[in-house]
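Descriptive structure summary
One letter stands for each residue in the lines below.
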Amino acid sequence: MLWQTILSGLAVGSLYALSAIGLVLIFKTSNIVNFAQGQMAMLSTFVAFQMLTRWGFPYWLAALASLVFALVFGFFVYIVFLSRLKRAEVLSQIILTLGLYLVFRGVAGVLWGNVPFTMPAAVSTNTVHIGSAVVTWYQLFIMIVTLLLMLVFYAMFRYTKTGLAMRAVSQNQQAARLMGVSLTRIYGATWAVSTALGAIAGLLIAPILFLSPSFMDSVAVKAFAAAVLGGFSSLPGAVLGGLVLGVMESVFGFYISTDLKSTFVFLLIIGILYVRPQGLFGTREVKKV
Amino acid sequence: MQNIRVLAYNATNERVEFKEKWGGQLVKKTLKRSVTALTGLAMAVWSVGGSAAFATTTTKPHAAHHSMKRASYSQGASQTQIVLGTSGPLTGPIAAYGAIAEGENAYFNYVNATGGIHHRKIKLIMLDDQYQPDKAVANARALVSDGIFAAVGTLGTATNQASDPFLLRANIPVTSVATGSSALTVPVVPLRFGLEPTYTLEGHVMTRWAIMHNHIKTIGVFYQNDDFGKEGLNAIIQEAARYHVKVVAKVAYNATDTDFSTYALNMKRAHPQAVFEIGVPEPTAMFEIGMMQLGFHPQQYVTYVSGDPIMFKLAGKAFNGAYTDGWLPLLNSQKTATFRAWFKKTYPNTPPTLLALSGWVDAQVVAHGLAMCGNTLTTTNFIKQMNSIKNWMGADTSSPVTYTPANHFGIDAMYMLQANGKTQQLVPKSGLIFYHQVGSSLN
């Protein structure tokens, strides 16, 4: 049974991890925590849903359209809202994303209503036995996608010129601009890509949690926790944070108490942050004089 | 010139009337006052222009005043309209339950289109509380200052518990509360009326039926970790104890959970013959899917809160064969034809659900009480008339509605249903099972 609880925990943890990647990406470049991330993912997922079930497109085309929509949407949100505030305090920009959260939620409610829909899954939801435990092909698929995305973006940050530019911008906007980095391009691209990441998360999570304007809410909270646990600026950290969170919930819920599992998990996170304020993978900020 | 003076007099009269009846927000009054004044002015200008049609418009208000003297009114009611209010989760995490307010609205549209209640139109004020008690309280304040005659179908246990005291202190009846919590109907509060069966009644009915008909020996309960889930759980435990049936697992979930596989694992470990599920649709569906994926297939008994055809879509195969219970007729039955037609007319893009039907029924009951009041639309008379509703079958419920001064349950019977996966329909499995048939523990 322990193996089963761990496997179930990994399955659910990868949902948290997947949603956390997009959050971390934006934070890494712009130091903004995007509270609207989940809602942007939700809107992108609804685009695919609309094409699939209302207009009868095949899954791959709907998913592709959703990704394209997300890229444009993310860029649009940056250009129209965020770029106007780029000289404002980071706090104001974060508050703006909170406002966007409410706007997107409201728009989705008006367009699609609040009754939950079932979203078709990309691959089979049949179960498969791994040792003594059961998991679905779909859950395995999500775990693999999550790990792949993490690796791709980790490599991009580390080894490409764009990645270097992103890191430069996050460290010092002015210096980066003086070196010929276009802020609009870097930020715009980051928003576009992280919204597309959100869309992938949404497309994969919706078949499990059902699609409705609020379906990303509870995942988003855990995604924040996962990101914080991982150090918020580290992609592998966010993924590990998500998985650890999922497994802790599952094991604690099974062996100790389901009533208190969320409470316990968040207590544990506080405990970890008490010992390691920079998170599991975060680097300590040192100010040199 | 003569005409203008008469008009001014009329406008003042209306203003005074307004102040007396509404006695509420100053802003509203000034607004209305200026609107009245403006209308008066416009009409005056028009009449000076010499329109013949004007004469007929001036006489009408006078005629209205005469008949009004014979009738008596509490706040919110008048010769021409009755104002009702509701508060529910029109947006937010459980916005699906906003369908209840929509069902109410559809019914009042139907009433207004077919002549109103003794020629009085119903005006429904719908406010959004997102299922949050503090917002529900704010809405109650707003409804009181808007001068409603009664609240109808306000949704939720915690929300009603928070907002009702405010309405009750203002002497405003709270009718058809949209929750099955016994806390709102036991003990009876004279101004507050339930309608849905209580979770206590449901727990007893389902458990006894499962034991009697399906001879179950062990029970597991999956329940929402709040007053709703716990009330159901307690009733199940009580009824099971009566027949020496064991409750081998109690698994609580929280409304914000995302992972239900742990709950399914816990349930599988205890391996009960029947699992009772007292939760809202999405978590219940995820839990059912979780059990199915673990290869655990117990008999399932689902609360009426989630006993909706939407479960076929959410849970898929995992819902097949599940039992549930109901107090409303089936959605595709002849009895609900008017509901379906008018709901579609009011909300063309929203599918009619059982939730919407329950809102429709909430409205039917309060409309019936109002109709019985005749021209004496006072709070006292309304309560008196409501308390005299006996075995009324005029609402689209599957069982009769009854209130007495000592019983504000409304519906006191339910019937069992089973989910048929092939037809994607709920199929009735029993006749009506009444309160008094399941024992004395309910009061």
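Computed from a predicted model, the values in this text were never measured in an experiment. (Residues numbered from 1 in each chain as written. Chains lettered and ligands numbered in written order. Predicted model: local features only at pLDDT ≥ 70, side-chain atom pairs only at ≥ 80, totals over all residues. Heavy atoms only, no water.)

1. Description of the interface of chain B and chain A
By a widely used convention, the size of an interface equals the accessible area lost when the partners come together. Taken together, the contact pairs 28 residues of chain B with 32 residues of chain A. Interface area, chain B with chain A, both sides summed: about 2,600 Å², of which 59% is carbon and sulfur. It is Thr 258, Leu 265 and Gln 293 of chain B that lose the most area in chain B upon contact with chain A, and together they represent 24% of the buried surface on that side. For the pair chain B and chain A, the number of links is zero salt bridges. For the pair chain B and chain A, the number of links is two residue pairs in polar contact (both at pLDDT 80 or more). Every element with two or more residues in the side of chain B that touches chain A is listed here: strand E7 (246–253), helix H9 (261–270), helix H10 (281–293) and helix H11 (310–315) of chain B. Classifying every residue of the side of chain B that touches chain A gives 14 nonpolar, nine polar and five charged. (Contact = heavy atoms within 4.5 Å. Buried area = accessible area lost by both parts, 1.4 Å probe. Salt bridge = Lys/Arg side-chain N within 4 Å of Asp/Glu carboxyl O. Polar contact = N/O pair within 3.5 Å; in protein donor to acceptor, adjacent residues only side chain to side chain. Helix = DSSP H or I, 4+ residues; strand = E, 2+ residues; numbered from the N terminus. Nonpolar A, V, L, I, M, F, W, Y, C, P; charged D, E, K, R; others polar.)

2. Brief notes about the side chain of Asp 325 of chain B
Residues and elements named next belong to chain B. Mapped onto the fold, Asp 325 is located in strand E10 (residues 323–326). Despite its burial, Asp 325 pairs with no opposite charge, the nearest such side chain being Arg 208 at 13 Å. Looking at Asp 325, its side chain comes within polar contact range of the main-chain nitrogen of Tyr 304, at 3.3 Å. Those residues in contact with Asp 325, other than ones at most four positions away along the chain, are Glu 202, Met 206, Val 302, Thr 303, Tyr 304, Met 414, Tyr 415, Met 416 and Leu 417. (Buried < 20%, exposed > 50% of the residue type's maximum accessible area, 1.4 Å probe, protein only. Lys, Arg positive; Asp, Glu negative; His and termini not counted.)

3. Some words on the domain arrangement of chain B
Residue and element names in this part refer to chain B. Considered domain by domain, chain B is made up of domain 1 (72–196 + 331–411) and domain 2 (200–326 + 417–434). For domain 1 and domain 2, the distance between their C-alpha centres works out to 29 Å. Tallying the contact residues gives 14 residues for domain 1 and 13 residues for domain 2. Note on domain 1 versus domain 2: buried area summed over both sides is about 990 Å², and carbon and sulfur give 47% of it. Counting across the domain 1 and domain 2 interface gives five residue pairs in polar contact (both at pLDDT 80 or more). When residues of the side of domain 1 that touches domain 2 are traced back to their parent elements, those giving at least two are helix H6 (157–169) and helix H13 (354–372). Class assignment for the residues of the side of domain 1 that touches domain 2 results in four nonpolar, nine polar and one charged. (Domains from an automatic or database assignment.)

4. Focus: the pattern of salt bridges
When charged atoms on two side chains of opposite charge get close, those side chains can pair. This model, assessed by the stated rule, comprises five salt bridges over all chains. Among the ionic pairs, Glu 249 of chain A bridges to Lys 222 of chain A, the shortest N-O distance being 2.8 Å. In this pair, Glu 249 of chain A sits in helix H10 (residues 235–255) while Lys 222 of chain A sits in helix H9 (residues 217–230), placing the two residues 27 residues apart along the sequence. As a salt-bridge pair, Arg 208 of chain B and Glu 239 of chain B come within 2.7 Å of each other at their nearest N and O atoms. Here Arg 208 of chain B, found in helix H7 (residues 199–214), pairs with Glu 239 of chain B, found in helix H8 (residues 227–242); they are 31 residues apart in sequence, far enough to count as distant. Residue classification places Glu 239 of chain B among the buried residues on the basis of a relative accessible area of 0%. Taken together, the shared-partner salt bridges connect Arg 208, Glu 239 and Arg 242 of chain B into one network.

5. A look at the sheet that holds strand E4 (residues 150–152) of chain B
Residue and element names in this part refer to chain B. Ordered in space as E3-E2-E4-E5, the four strands form an open sheet in which the pairing is parallel. At either end of the open sheet lies a strand with only one pairing partner, and these are strand E3 (121–128) and strand E5 (174–175). Both strand E2 (residues 81–88) and E4 contribute to a ladder of two bridges, which runs parallel. What sits directly across from Gly 85, in E4, is Ala 151. Contacts between helix H4 (residues 99–113) and the sheet are confined to E2, E3 and E4, with E3 contributing the most and set at about 165° to the helix. (Pairing = 2+ DSSP bridges. Axes fitted to C-alpha atoms, helices over the stretch in contact; angles between N-to-C directions.)

6. Quick look at the UniProt feature "transmembrane region" (unreviewed entry) in chain A
All names here are of chain A. Under the UniProt annotation, "transmembrane region" (unreviewed entry) lies at residues 6–27, 34–53, 59–82, 94–115, 135–157, 186–211, 223–245 and 252–275. For the annotated span residues 94–115, helix accounts for 86% and strand for 0% of the residues, and the straight-line distance between the end C-alpha atoms is 30 Å. In residues 252–275, helix accounts for 79% and strand for 0%; the two terminal C-alpha atoms are 21 Å from one another. (UniProt positions renumbered as here; feature names shortened; annotations may be inferred.)

7. Observations regarding the confidence of the model for chain B
Residue and element names in this part refer to chain B. Residues with a pLDDT of 70 or more make up 83% of chain B, whose mean pLDDT is 83. In the model, residues 1–68 has pLDDT below 50 throughout and makes 42 contacts with residues more than four positions away in sequence or in other chains. Overall fold confidence for the complex sits at a pTM of 0.78, while the interface term, ipTM, reaches 0.76. (pLDDT = per-residue confidence, 0-100.)

8. Some points on the environment of Ile 172 of chain B
Along the chain, Ile 172 of chain B falls in the loop between H6 and E5. Dropping the residues within four chain positions of it, Ile 172 of chain B is found in contact with Gln 75, Val 144, Ile 148, Phe 149, Ala 150, Ala 151, Leu 167 and Leu 191 of chain B.

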